[in-house]
Amino acid sequence: MKAISATPVSIQDLYRGKQYVIPPFQRPYTWDESVCAKLWEDLCDFYDKWSASEHVQDEKYFLGTIVVYPEKCNAPSGSDVTECLGVIDGQQRLTTLTLLLSAFAFHNKGYGRLNKIIRVTDSNDDPTSELRLLTKVLEDDYQALEKIVLASDQGKLVRERISKKDCSRLNNFIFFRDRINDWYAGHNVDADKLTRFIEMLLKNVVILPIHCDSIDDAFLIFEVVNNRGKPLAEADIFKSNILQELGSGAGGKLNAGQLSFLDLWKKWCDSGVEDFLFRALMRIKNGQAGNIDTTDVAIRDYFQKKHPEHFKDTEKLIVDLGKIYAISQWKRPSEINVLWTILEYYPNEAWKWPLYCYLYAYGSFDQSGSFSLDETHEVEFIKKCKTYVRYFFAKSLAGHGSLNNLKGTSYKECARIFNAQDARFAVEMTLTKDESDMLSVWLANLQKESCYRAGFKLGGGIVLLCSYLMHENSLALYSQFIDGGKVDIEHICPKVWSNVDGWTKEEHEELLNTIGNLIPLEKSINIQVSNNCFEKKKTGDSLNLRHIKPYSKSLSPEARELSKLPQNTWLPADVLNRSAKKAELLKAFFAV
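Source: prediction; values computed, not measured. (Residues numbered from 1 in each chain as written. Predicted model: local features only at pLDDT ≥ 70, side-chain atom pairs only at ≥ 80, totals over all residues. Heavy atoms only, no water.)

### Here we look at the state of the cysteines
Here is the rule: Note on terminology: pairs of cysteine sulfur atoms within 2.5 Å are recorded as disulfides. Buried, partly exposed and exposed residues are distinguished by accessible area as a fraction of the type maximum, computed with a 1.4 Å probe on protein chains only: under 20%, between the cut-offs, and over 50%, respectively.
Tallied over the full model, the rule gives one disulfide. Here cysteine 414 stays unpaired: no disulfide links it, and the sulfur of cysteine 357, its closest cysteine neighbor, is 3.6 Å away. Residue class for cysteine 414 comes out buried when judged on its relative accessible area of 2%. Here cysteine 451 is not disulfide-linked; the sulfur of cysteine 466 is the nearest cysteine sulfur, at 7.3 Å. Here cysteine 451 falls in the buried class, since its relative accessible area comes to 0%.

### Structural notes on the packing of aromatic side chains
Rule in force here: Two aromatic rings, drawn from Phe, Tyr or Trp (for Trp, its six-membered ring), form a pair once their centres lie within 6.5 Å of each other, and the interplanar angle then sorts them: stacked below 30 degrees, edge-to-face above 60, tilted otherwise. Strands here are runs of E lasting at least two residues and helices are runs of H or I lasting at least four, both read from the DSSP assignment and numbered beginning at the N terminus. Both a distance and an angle decide whether a charge sits over a ring: NZ of Lys or CZ of Arg must be within 6 Å of the ring centre and within 35 degrees of the ring normal.
Evaluated as defined, the whole model comprises 41 aromatic pairs. Seen in terms of ring centroids, phenylalanine 175 and phenylalanine 176 are 5.6 Å apart; in terms of plane orientation they differ by 65°. Their pairing is edge-to-face. With a centroid separation of 5.7 Å and 80° between ring planes, the pair formed by tyrosine 388 and phenylalanine 392 is classed as edge-to-face. Of this pair, tyrosine 388 and phenylalanine 392 both sit in helix α17 (residues 375–397), four residues apart, roughly one helical turn. These aromatic residues form a ring-pair network of at least three members: Phe276, Trp330, Trp340, Trp351, Trp353, Tyr356, Tyr358, Tyr362, Phe365, Phe371 and Phe381. Just above the ring of phenylalanine 106 sits the side chain of arginine 177; from NZ or CZ to the centre is 5.7 Å. Over the ring of phenylalanine 589 we find arginine 390, and its NZ or CZ is 4.5 Å from the ring centre.

### Focus: the pairing of strand β3 (residues 18–22)
Here is the rule: Two strands are said to pair when DSSP picks up at least two bridges between them.
Here β3 lies mainly inside the structure; five of its five residues are buried. Of the two faces of β3, the one holding Lys18, Tyr20 and Ile22 and the one holding Gln19 and Val21 are both buried throughout. Alignment of β3 against strand β5 (residues 83–89), held across four bridges, turns out to be parallel. Bridging across to β5, valine 21 finds its partner in glycine 86. Both β3 and strand β8 (residues 133–135) contribute to a ladder of three bridges, which runs parallel. Counted as the bridge partner of valine 21 is leucine 134 from β8.

### What about helix α27 (residues 572–590)?
Stated precisely, the cut-off is as follows: Expected helix span is computed as 1.5 Å times (number of residues minus one). When we speak of the arc, we mean the arc of directions from the helix axis to the C-beta atoms. In what follows, a contact means two residues having at least one pair of non-hydrogen atoms within 4.5 Å.
Counted at 1.5 Å a residue, the expected span for α27 with its 19 residues is 27 Å, and the 27 Å between its end C-alpha atoms agrees. Of all the positions in α27, only Pro572, Val575, Arg578, Ser579, Lys582, Ala583, Leu586, Phe589 and Phe590 are classed as buried. The arc enclosing the buried residues of α27, seen along the axis, measures out at 145°, which places them on a common side. Counted as exposed and oriented over 90 degrees from the buried face of α27: Asn577 and Ala588. Residues of α27 that are buried in the fold lie against α17, α19 (433–444), α20 (458–470), α22 (505–511), β13 (518–522) and α26 (557–563). Just downstream of α27 lies alanine 591, where phi reads positive at about 55°.

### Some details on unusual backbone geometry
For aspartate 125, which is not glycine, the phi dihedral falls at a positive 65°. Its place among the elements puts aspartate 125 in the loop between β6 (119–121) and β7 (127–131). Assessed through its relative accessible area of 40%, aspartate 125 is described here as partly exposed. Not every positive phi belongs to a glycine, and serine 530 is a case in point at roughly 50°.

### Description of the pairing of β13
Judged by how many residues are buried, β13 sits mostly within the fold: five of five residues are covered. Of the two faces of β13, the one carrying Leu518, Pro520 and Glu522 and the one carrying Ile519 and Leu521 are both buried.

### Considerations on the confidence of the model for the protein
Under the convention used in this document: Within a predicted model, pLDDT stands for the predictor's per-residue confidence, ranging from 0 to 100.
Model confidence for the protein is summarised by a mean pLDDT of 86, while 88% of its residues fall at 70 or above. Across the protein, the element-wise mean pLDDT spans from 65 in helix α8 (residues 215–225) up to 97 in helix α16 (residues 352–362).

### Notes on the pattern of salt bridges
As a reminder of what qualifies: Each reported salt bridge corresponds to a side-chain nitrogen of Lys or Arg within 4 Å of a carboxyl oxygen of Asp or Glu.
What the rule picks out here adds up to 32 salt bridges. Residue glutamate 199 is joined to arginine 113 by a salt bridge in which the shortest nitrogen-to-oxygen separation is 2.9 Å. With a gap of 86 residues between them, glutamate 199 in helix α7 (residues 191–204) and arginine 113 in helix α4 (residues 113–118) connect regions that are remote in the sequence. Through salt bridges with shared partners, a single ionic network connects Arg279, Glu344, Glu349 and Lys352.

### Quick notes on the packing of helix α15 (residues 334–344) against α16
Basically, it comes down to this: Lines fitted to C-alpha atoms define the axes, with helix axes restricted to the stretch in contact, and inter-axis angles between N-to-C directions lie between 0 and 180 degrees. Oblique is the label for every angle not falling under 35 degrees (roughly parallel), over 145 degrees (roughly antiparallel), or within 65 to 115 degrees (roughly perpendicular). Under the scheme applied here, ten amino acids are nonpolar (Ala, Val, Leu, Ile, Met, Phe, Trp, Tyr, Cys and Pro), four are charged (Asp, Glu, Lys and Arg), and all others, including Gly, are polar.
Orientation of α15 relative to α16, taken along the N-to-C sense of each, is 150°, at an axis distance of 11 Å. Here α15 lies roughly antiparallel to α16, going by the angle between them. Two secondary-structure elements touch here, α15 through Trp340, Leu343 and Glu344 and α16 through Lys352, Leu355, Tyr356 and Leu359. In terms of residue class, the contact of α15 with α16 is built from five nonpolar, no polar and two charged.

### Notes on α16
Along α16, nine of the eleven residues are buried, which leaves the element largely enclosed by surrounding structure. Along α16, the positions that sit buried rather than exposed are Lys352, Trp353, Pro354, Leu355, Tyr356, Cys357, Tyr358, Leu359 and Tyr360.

### With respect to the environment of serine 328
With respect to the helices and strands, the residue serine 328 is situated in helix α14 (residues 314–328). The class of serine 328 is buried, set by a relative accessible area of 19%. For the pair serine 328 and serine 271, spaced 57 residues apart in sequence, the C-alpha separation works out to 9.5 Å. Among residues more than four places away in sequence, those in contact with serine 328 are Val273 and Tyr356.

### Concerning the environment of aspartate 125
Test applied: Any N or O atom pair separated by 3.5 Å or less is treated as a polar contact, with the protein-specific requirement of one donor-capable and one acceptor-capable atom, and with residues adjacent in sequence counted only for side-chain atom pairs.
Separated by 45 residues in the primary sequence, aspartate 125 and aspartate 80 place their C-alpha atoms 7.8 Å from one another. Of the polar contacts made by the side chain of aspartate 125, one reaches the side chain of lysine 116; its length is 3.0 Å.

### Brief notes about the nonpolar core
Rules: Only buried residues count toward a nonpolar core. Its members are Ala, Val, Leu, Ile, Met, Phe, Trp, Tyr and Cys residues joined through side-chain atoms within 4.5 Å.
Counting residues in each nonpolar core, the largest one holds 86 residues, and the members touching the most others are Phe278, Phe381, Phe393, Ile462, Leu465 and Leu586. Tallying contributions element by element places α17 first for this core, with ten residues. With sequence-adjacent residues up to four places away left out, phenylalanine 278 is seen in contact with Ala235, Phe238, Ile242, Trp265, Ile299, Phe303, Phe311 and Leu321. The next biggest cluster of nonpolar side chains, apart from the first, holds 53 residues, and it includes Leu63, Ile66, Phe106 and Phe175.

### Points about the side chain of glutamine 92
Here glutamine 92 is to be found in helix α3 (residues 91–107). Looking at glutamine 92, the relative accessible area reads 14%, which means it is buried. Every residue in contact with glutamine 92, bar those within four places of it in the chain, is listed here: Arg27, Pro28, Tyr29, Thr30 and Trp31.

Given below as structure tokens:
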């Protein structure tokens, strides 16, 4: 890392001769009124102390840090801008500060210095329409800020000019404008006192810019100093790379390709998969190349250093990301949906990469962006899912389920899917004798084994797996149950002990979390039945749910099965019998 510099500067010096550029990979502006309210309250308190005594007029109010790096300058010719700085950390703070200064300009149109601080000046030292803060996150972001700043200069704000998309910036500007008006009226101040407040803001409020020599250094410093908020993800950087490769339109505006990509990006972000898309793509590319090296490379290093060629063919890159997104949104057939959900309980993603490779290699993608799998490959894919549940769950139950133990097999599977004839990628998903013995011991003790406990994520998957094995003739219903909302793990005998049905405390403690006492159930129904006894869960009596009967209302096949039992009691013997039945199913499934 090269040398960095950091010197506190006043607001007026922060902007003098500079333009700040928020790069495209940053997230949009998100600060709300509560943050602005705290800032305004602090500034008013500081002003009261500052104006009360000459002894404190040299004191400073620290507004925080920003992390910046040198950026290519595109300021208008003849302007006062001598330095352009990219903003890695501080865009929320700088945007809010611009809105605050604009609100003061709205109230004090005769104070020309404000416009020279928030707007670039020309060779005659007159403010231009170019702002000191330039955002490239979205073109609408800059236009929204520009509308507000220029309207405030005229002492008016035409709401019709500001779209609903701009509401966070507009709301915060209006908040500051109204608070200044309230302060002005409440303190019975004249124009001179308002000017003094502005002078205090410009001279005594300071920010610490941390200047870095490169964007990489800026990211490193950002991660050290940023202990609040949501850090930038790798996908945000890749978004910027793609936008840069797509070029730009006339006058530096976004071109059609960039706008189309941003529409896709918004859809990916709304689904929360933007980071995952690049991780999956890296595994697919490694599989295609036959790369089975288990020394993992950071995803940013993979795309930016080892394989920058992927970003050069931007059109193919976007198509590939779109395919992975389509797979992630696939309406999976019933049995695949159930098996996939079971695998989601696995504590790492070793199982997921070869499945994505298979779907990428053998699936179909139409022009609307939808994914499908033909009948032949669907049958093959179901077999593969079952194999992965069997192998990965067994490895974990045998004590060897860590990613380090599994990624060699996972990466070979990815390579074998794309290079089926290459003997180097032959994979045998079998257990060692010691692993088989450990699995057999676990199954033998299953009647009294705690399957659902803190830190044992796989336990939820085992509960769902047993339910799947018990109800393979009800897969459509089971899949509908999974798609219906949040799935909880329900304790048939409730977690809070009582002597209902004759349970002793010792029996309750021993059998509560065993597989025979656990079923998958909708979260909404699980909340309804709470810690009530089996009879109330089955019949709805005393729950004001008699006409509903919670277990029979559920789409969980196992809950419905319980609702049809003739008895209204749930005894320790019932738990042991159910555990034994599930243990036999698991033994057959794992073939031990």
